[in-house]
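Residues per chain, in single letters:
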Amino acid sequence: MDDLLADFIAETREMLEASGGELVAWEADPADRARLDTIFRFVHTVKGNCGFFDFPRLASLSHAAEDALADCRAGRREPDQQLVTAVLAIIDRIALMIDAIEAGDEFPEGGDESLIAAVDASHETAPSGSLTGVKEGSNPPLHAPADAMLGTGEEQAAPYRRADAAAAQRTIRLPVELLDRVMSGVSDMVLARNDLAHRLRQAGNQPTIDGPFERLTTILSDVRDAITRMRMQRIETLFGALPRLVRDLSAELGKQVMVDLDGGDVELDREMIETIRDPLTHLIRNAVDHGIEQPSARLAHGKREIGLLAIAARQSGNTISIAISDDGRGLDEDRIAAKAIATGLITASERQTMSRDKILNLIFEPGFSTAETVSNVSGRGVGLDVVRQNLEKVGGSIKVTSVPGQGTLFSLQIPLTLSIIAGLTVDVGGHRFAIPQSYVEEIVQASARALDFTRMGETALVTFRGNRVPCLMLGEVLGLGTCEIAAREPTLVMLRLASGDLFALAVEGIHNHGDLVVKPLAPAVMRSGLYAGSTLLDDGQPVLLLDVANIASQHNLMSDTRVRAIGPMEGEAVVTADAPRAMLFTDFAGRRSAVRLELVQRIETAPASAIDRSAARPRVVIDGLILPLIGLPEEALTIARVRLLRLSDGACELLYAVREVEDAVELKDALHPVPEDPLAEAMTLIGGQPVTLIDAHALFALHGEPPLAAARPRCVLPDGEWARTILAPLVASAGYDILPEGTNDPAAIGIVFDDVFEVAEALGRALPARVIRLRDQPDAPPGCETIYRYDREGLLAALSEANRAARVEGEAA
Amino acid sequence: MTGDLLVIAQIAGRRCALSALDVKSVIEIGTITPIPRAPVWIAGITALRSQALTVIDCRRALGFGGGSDGTDWATDHRAAVVTDGGHSYALMVDSIEDITTAADEAGQVPGGFGPEWSRVATGMVETMAGPALMLDLAALLAGPEAARHEIEAAV
């Protein structure tokens, strides 16, 4: 019996929560039959259960409400404000009685009659016997209208009924602790499985064990999925109570507020829902109390009389974001700043340098509350600092943005806390870290050269699928220092953020990937903003899980407007955009010079042996292009490799040999012209040291030339098996690229059979500029410039002769 | 309070007492994984069965620096496991001495205990093993930065 009673209380509570929102929605739209049906079902169920448990007062209350609602359903009565308020009052009374029943207290006598009378007050069209029927507690008069209604409304009500049938699943009620125990049990099971997997790998292949082990793995992952879902709940359960809350608040404060809920189907960990319940309620109270103005004030400002409070939940990757926005008066930056100075949070001088967003976010600091009068609604000694604390406790965060006169937006970020996630473990600087798999787009292992790894100021860039992507060095992010070898041969983990932004994280190596059981970290560690949790590896070693989203936003890599608007980087970014930037280097004369950054294509490294100094002007072959080289010292190089700045004016390219590339810097100081040095645009100060800024115009005027292809000479061969299998290897080994017959390349040397040549000449077909003619007979007919096709020496000599002629012609051109 | 069980440990060369109710267990400390960019008084994390413990270097958490004065004391290979706010910590101390009962209430001494100690100490407590400084766990776990903020706020 006690179990039954506990079930009754729990069930009634659940329905109470759901019906609060339904009632308000119904009030807004009385024609909404679905809502009316839900509420009717609630009071009807309560009434039925009361009969079973013998709670006469509960029965009579629910009976009265059911009666009134039944009339509305039957169309005998129009639901109005008064009725809704009266029904709400009854539902509240039912809630109080349920509390008393659970606590085992006696509920104070009296008061029920007035409530019942209130429901009945506007009951003009009701049958006169209704109220007395309630008093007597006899069923027939009550059930008659309900039955009648059901009878007549059968077809009409059918759609709703079908939906109910689909939604009604068989459920059981479980204590949350039991769920938690199962959950942690499964977590430990995953750990044990990982440990076993590790040992099995060490022991080598054992077919008799591997099979069952695979099965165990599959089963475990199924169970894990189910458990995870068990803990998930739709955020609707939280949203359900909000319309009622807002309705009561706005009624109390004489305001008119419309609630717009969105994203109720987002699922969240049960515990997480409980954690955010209070913060969310607090924010809504704040918005209604302080944010939304009185109707008269709203009209005066040209706004709609009814304020809008929008609450939207979204899942993005591993976090749920909840946005609470109102269209009220917005936050008063000056008042917040004044208050913060008064309470000693900031100093007056600090205030001058703070951006609006930073000031607004001071409202989350401990000991801050702007409301001058503590009203009944908000400001009950719980401030927004507590809201933030509660959210941070579970690894969430909160930020506020506001436009004066237009409204305020609070955005909450809450982790999903799926406590088992798929992850990747990486090595860096002797440490090991985990990255949630969901962020990982791809793992790239290549040389810095292939990735086109460049440093632009403090930012490193790599080229990934033709796009320049920012690259973070994990070692630097974590302050571990970076090893040169890792920078040259990095392993890049390409991470895709929920916002769609891509960035690369350079690590020293990938260790493993698999399921990670994530446990929360101590708040002092969480505060660093780098970690989302800890996990244990197969061997029991604890490993930290990186907070990818936070690391990205700390480095301004997230193109979320909200994130971009916050933080001290904003000001700096503006400076960066304004000041011209230059690449600072030391040349071989030991002079510190700079060249404008836009000119620098990339920084090349070439072996000293690749420099060809035979001509008047030294040249280097890079990427198959012959490029002029300047800046070399007169004497021979003593170093094995030379750093080269590859400069381009768009058409021409040249290489500038430097002793050392220092950094990309901003040209903040004044530029002093140096008329006496033709190659210097100006002198300027960088970090207090004089630096010569190279005059790009003069540089390119003197040395610039379009890059010459350093490609191998090309040769067009005749068609046919013989040419392909016997001639082609010979020509290729002599250092020629083979082009298929018919390629129209004027620089290429053509090898054709004499008969083909004659035909082509006779028909006036296009032939390569230089042609080597082959004949089939060893003996040459007199007066014919042909070569016997097996005359190896003759053929090679002809090829090199033709090639020389082509080069001379090319240079003359 | 009188009769309360206390865990007596040496921290930074002083005898300190923790309520035995706070101390879940005393463990042999295994490998500690350091946490880059974490406050200096957090030595890292270590594993206890399937649980990760945050290892607190109590000396640094009090605000005593490392280096010359930090090397004066040996560190016990055992650590006290405590929980606060749902998180588990392992406290690295000089040595864990004894479990004993308090002989009286924690009381103040004239002149205080010094700035580092006053922040975390609730007072001096007489025990069967002699006088010890009763520590407030939450204050200890808050780290030395908490004190600095308070001082800054006061200024």
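Keep in mind it's a predicted model, so treat the numbers as computed, not measured.

## Quick word on the overall build of chain B
Assigned secondary structure in chain B consists of five helices and 10 strands. Put simply, chain B has 155 residues, and 47% of those count as buried. Relative to all contacts within chain B whose residues are 6 or more apart in sequence, the contacts with residues 24 or more apart total 58%. Within the structure as shown, chain B displays about 7,300 Å² of accessible surface, and the carbon and sulfur contribution to it stands at 54%.

## Here we look at the overall build of chain A
Secondary structure assignment for chain A yields 28 helices and 36 strands. Here chain A, with 813 residues, has 44% of them falling under the buried criterion. A separation of at least 24 residues holds for 64% of the contacts in chain A among residues at least 6 apart in sequence. Carbon together with sulfur atoms contributes 54% to the accessible area of chain A, which is approximately 41,000 Å² in total.

## Quick notes on the side chain of Asp94(B)
Residues and elements named next belong to chain B. The residue Asp94 is located in the loop between strand S7 (87-92) and strand S8 (95-101) in this model. On the accessibility criterion, Asp94 (9% relative accessible area) is buried. In this structure the side chain of Asp94 is engaged in a polar contact, spanning 2.8 Å, whose partner is the side chain of Arg59.

## Side note on the sheet that holds strand S4 (residues 42-48) of chain B
In any sheet, the strands associate via hydrogen bonds between backbone groups, in a parallel or an antiparallel arrangement. Residues and elements named next belong to chain B. Judged by pairing direction, the sheet is mixed, and its five strands sit side by side in the order S3-S6-S7-S5-S4 without closing on themselves. Strands at the two margins of the open sheet, each flanked by one partner only, are strand S3 (23-28) and S4. The sheet shows a mean angle of 35° between the axes of neighbouring strands, taken without regard to direction. The pairing of S4 with strand S5 (residues 51-57) spans six bridges and is antiparallel. Residue pairing across strands places Ile45 opposite Thr54, the latter belonging to S5.

## Overview of the interface of chain A and chain B
Interfaces are often sized by the accessible area lost when the parts come together. Between chain A and chain B, the contact holds 26 residues from the first and 18 residues from the second. Considering only the surface of chain A that becomes buried against chain B, Ala524(A), Leu536(A) and Pro542(A) emerge as the three largest contributors, covering 25% of it. Applying the counting rule to chain A against chain B returns zero salt bridges. Linking chain A with chain B are five residue pairs in polar contact (both at pLDDT 80 or more). Elements with a minimum of two residues in the side of chain A that touches chain B: helix H9 (176-203), strand S9 (431-436), helix H19 (474-477), helix H21 (523-526), strand S17 (531-536) and strand S18 (542-546) of chain A. Tallied by class, residues from the side of chain A that touches chain B come to 17 nonpolar, six polar and three charged.

## Details of the state of the cysteines
Defined simply, a disulfide is a covalent bond joining two cysteines at their sulfur atoms. Residue and element names in this part refer to chain B. By the definition in use, this model includes zero disulfides over all chains. Cys58 provides the cysteine sulfur closest to Cys16, a residue in no disulfide bond, and the two sulfurs are 8.4 Å apart. According to the relative accessible area criterion, Cys16 is buried, its value standing at 1%.

## What to know about the packing of H9(A) against helix H10 (residues 207-231) of chain A
All names here are of chain A. With their axes 10 Å apart at the nearest point, H9 and H10 run at an angle of 155° to one another. Regarding the angle of H9 to H10, the classification is roughly antiparallel. As for how H9 packs across H10, the hand of that crossing is left-handed. The segment H9 lies against H10, with Leu179, Asp180, Val182, Met183, Val186, Met189, Val190, Arg193, Leu196, Ala197 and Leu200 engaging Ile209, Phe213, Leu216, Thr217, Leu220, Val223, Arg224, Ile227, Met230 and Arg231.

## Description of the sheet that holds S8(B)
Residue and element names in this part refer to chain B. The strand order S8-S1-S2-S10-S9 describes an open sheet built from five strands, whose pairing is mixed. Of all strands in the sheet, those bounded by a partner on one side alone are S8 and strand S9 (121-127). Looking at each pair of strands side by side, their axes are set apart by 35° on average, direction ignored. Here strand S1 (residues 5-11) pairs with strand S2 (residues 14-19) via six bridges, running antiparallel. Note on S2: the bridge partner recorded for Ala9 is Cys16.

## Some remarks on helix H27 (residues 754-763) of chain A
Residues and elements named next belong to chain A. Turning to H27, its buried residues are Asp754, Phe757 and Ala760. All buried residues of H27 fall inside an arc of 125° around its axis, so they share one side. Residues of H27 that are exposed and angled more than 90 degrees away from the buried face: Asp755, Ala762 and Leu763. Buried residues in H27 make contact with strand S34 (749-753), strand S35 (770-775) and strand S36 (786-788). Phi turns positive one or two residues past the end of H27, at Gly764, with a value near 75°.

## As for a negative patch on the surface
A cluster of acidic residues, Asp105(A), Glu106(A), Glu109(A) and Glu113(A), forms a negative patch at the surface. In this fold, Glu113(A) is placed in helix H5 (residues 112-121).

## Regarding the environment of Ile443(A)
Residue and element names in this part refer to chain A. For Ile443, the location among the structural elements is in strand S10 (residues 440-445). Considered as a pair, Ile443 and Met494 are 51 residues apart in the sequence and their alpha carbons are 6.0 Å apart. In contact with Ile443, other than residues within four places in its own chain, are Leu424, Thr491, Leu492 and Ile510.

## So, the packing of aromatic side chains
Residues and elements named next belong to chain A. Tallied over the full model, the rule gives six aromatic pairs over all chains. Centre to centre, the rings of Phe364 and Phe410 are 6.2 Å apart; their planes meet at 75°, and the pair counts as edge-to-face. A residue pair is termed long-range when its members are at least 10 positions apart, and Phe364 in the loop between helix H17 (356-360) and helix H18 (384-393) and Phe410 in strand S7 (residues 407-415) qualify at 46 residues. The class for Phe410 is buried, based on a relative accessible area of 5%. Centroid distance Phe433 to Tyr531: 6.4 Å. Interplanar angle 15°. Geometry classified as stacked. Taken as a pair, Phe433 in strand S9 and Tyr531 in strand S17 lie far apart in primary sequence, 98 residues in all. For Phe433, a relative accessible area of 1% puts it in the buried group. Judged by relative accessible area, Tyr531 falls into the buried class, the value being 1%. Grouping aromatic residues by their ring pairs yields a cluster made of Trp722, Phe753, Tyr788 and Tyr790. Directly above the aromatic system of Trp722 lies the positively charged group of Arg789, at a separation of 4.8 Å from the ring centroid.

## Section: the pairing of strand S30 (residues 689-694) of chain A
Residues and elements named next belong to chain A. Where strand S20 (residues 592-596) and S30 come together, two bridges link them in parallel fashion. For Ala594, the partnering residue across the bridge sits in S30 and is Leu693. Judged from the six bridges that link them, strand S29 (residues 680-686) and S30 form a sheet pairing that is antiparallel. Each bridged residue has a counterpart across the sheet, and for Ile686 the counterpart in S30 is Gln689.

## Considering helix H26 (residues 721-733) of chain A
Residues and elements named next belong to chain A. Its 13 residues place the ends of H26 18 Å apart at the C-alpha level, agreeing with the 18 Å of an ideal helix rising 1.5 Å per residue. The sharpest bend along H26 comes to roughly 45°, located at Leu727, with the proline Pro729 sitting one to four residues further on. Listing the buried residues of H26 in full gives Trp722, Ala723, Leu727, Ala728, Leu730 and Val731.

## With respect to the pairing of strand S12 (residues 459-464) of chain A
Residues and elements named next belong to chain A. Relative to S12, strand S11 (residues 454-456) is paired through three bridges, and the arrangement is antiparallel. Residue pairing for S12: Thr454 is matched across the bridge by Leu461. With five bridges connecting them, S12 and strand S13 (residues 467-473) associate as antiparallel partners. What sits directly across from Val462, in S13, is Val469. Turn length for the S12-S13 hairpin, with the two strands adjacent in sequence and antiparallel, is two residues, and the turn residue Arg465 shows positive phi of about 50°.

## Regarding unusual backbone geometry
A positive phi angle is found at Ala12(B), which is not glycine, with a value near 50°. Inspection of the secondary structure puts Ala12(B) in the loop between S1 and S2.

## Notes on a nonpolar patch on the surface
Among the surface-exposed residues, Ile172(A), Leu174(A), Leu178(A), Val182(A) and Met230(A) lie close enough to one another that they form a single nonpolar patch of about 430 Å² accessible area. With respect to the helices and strands, the residue Val182(A) is situated in helix H9.

## Quick look at the pattern of salt bridges
Residue and element names in this part refer to chain B. Taken as a whole and judged by the stated rule, the model has 20 salt bridges over all chains. A salt bridge links Arg59 to Asp94; the shortest N-O distance between them is 2.8 Å. Of this pair, Arg59 sits in helix H1 (residues 58-62) while Asp94 sits in the loop between S7 and S8, placing them 35 residues apart in sequence.

## Section: the packing of helix H3 (residues 56-74) of chain A against helix H4 (residues 81-103) of chain A
Residues and elements named next belong to chain A. Where H3 meets H4, the closest approach of the two axes is 10 Å, and the angle between their N-to-C directions is 155°. It follows that H3 is roughly antiparallel to H4 by the angle criterion. The handedness of the crossing between H3 and H4 is left-handed. On the side of H3, the interface is formed by Arg57, Leu58, Leu61, Ser62, Ala64, Ala65, Ala68, Leu69 and Cys72, while H4 contributes Leu83, Val87, Ile90, Arg93, Ile94, Met97, Ile98 and Ile101.

The rules behind the values
- Residues numbered from 1 in each chain as written.
- Chains lettered and ligands numbered in written order.
- Predicted model: local features only at pLDDT ≥ 70, side-chain atom pairs only at ≥ 80, totals over all residues.
- Heavy atoms only, no water.
- Helix = DSSP H or I, 4+ residues; strand = E, 2+ residues; numbered from the N terminus.
- Buried < 20%, exposed > 50% of the residue type's maximum accessible area, 1.4 Å probe, protein only.
- Contact = heavy atoms within 4.5 Å.
- Areas by Shrake-Rupley, 256 points an atom, 1.4 Å probe, with all protein chains shown as cover.
- Polar contact = N/O pair within 3.5 Å; in protein donor to acceptor, adjacent residues only side chain to side chain.
- Pairing = 2+ DSSP bridges.
- Axes fitted to C-alpha atoms, helices over the stretch in contact; angles between N-to-C directions.
- Buried area = accessible area lost by both parts, 1.4 Å probe.
- Salt bridge = Lys/Arg side-chain N within 4 Å of Asp/Glu carboxyl O.
- Nonpolar A, V, L, I, M, F, W, Y, C, P; charged D, E, K, R; others polar.
- Disulfide = S-S within 2.5 Å.
- Parallel < 35°, antiparallel > 145°, perpendicular 65-115°, else oblique.
- Left-handed = near helix turned anticlockwise from the far one by under 90°.
- Arc of directions from axis to C-beta.
- Patch = residues over 30% accessible without salt bridge, like charges linked within 9 Å, V, L, I, M, F, W, Y side chains within 5 Å.
- Lys, Arg positive; Asp, Glu negative; His and termini not counted.
- Charge placed at Lys NZ, Arg CZ, Asp CG, Glu CD.
- Phe/Tyr/Trp six-rings, centres within 6.5 Å; stacked < 30°, edge-to-face > 60°.
- Lys NZ or Arg CZ within 6 Å of the ring centre and 35° of its normal.
- Expected span 1.5 Å × (residues − 1).
- Bend = angle between axes of the 7 residues up to and from the residue.

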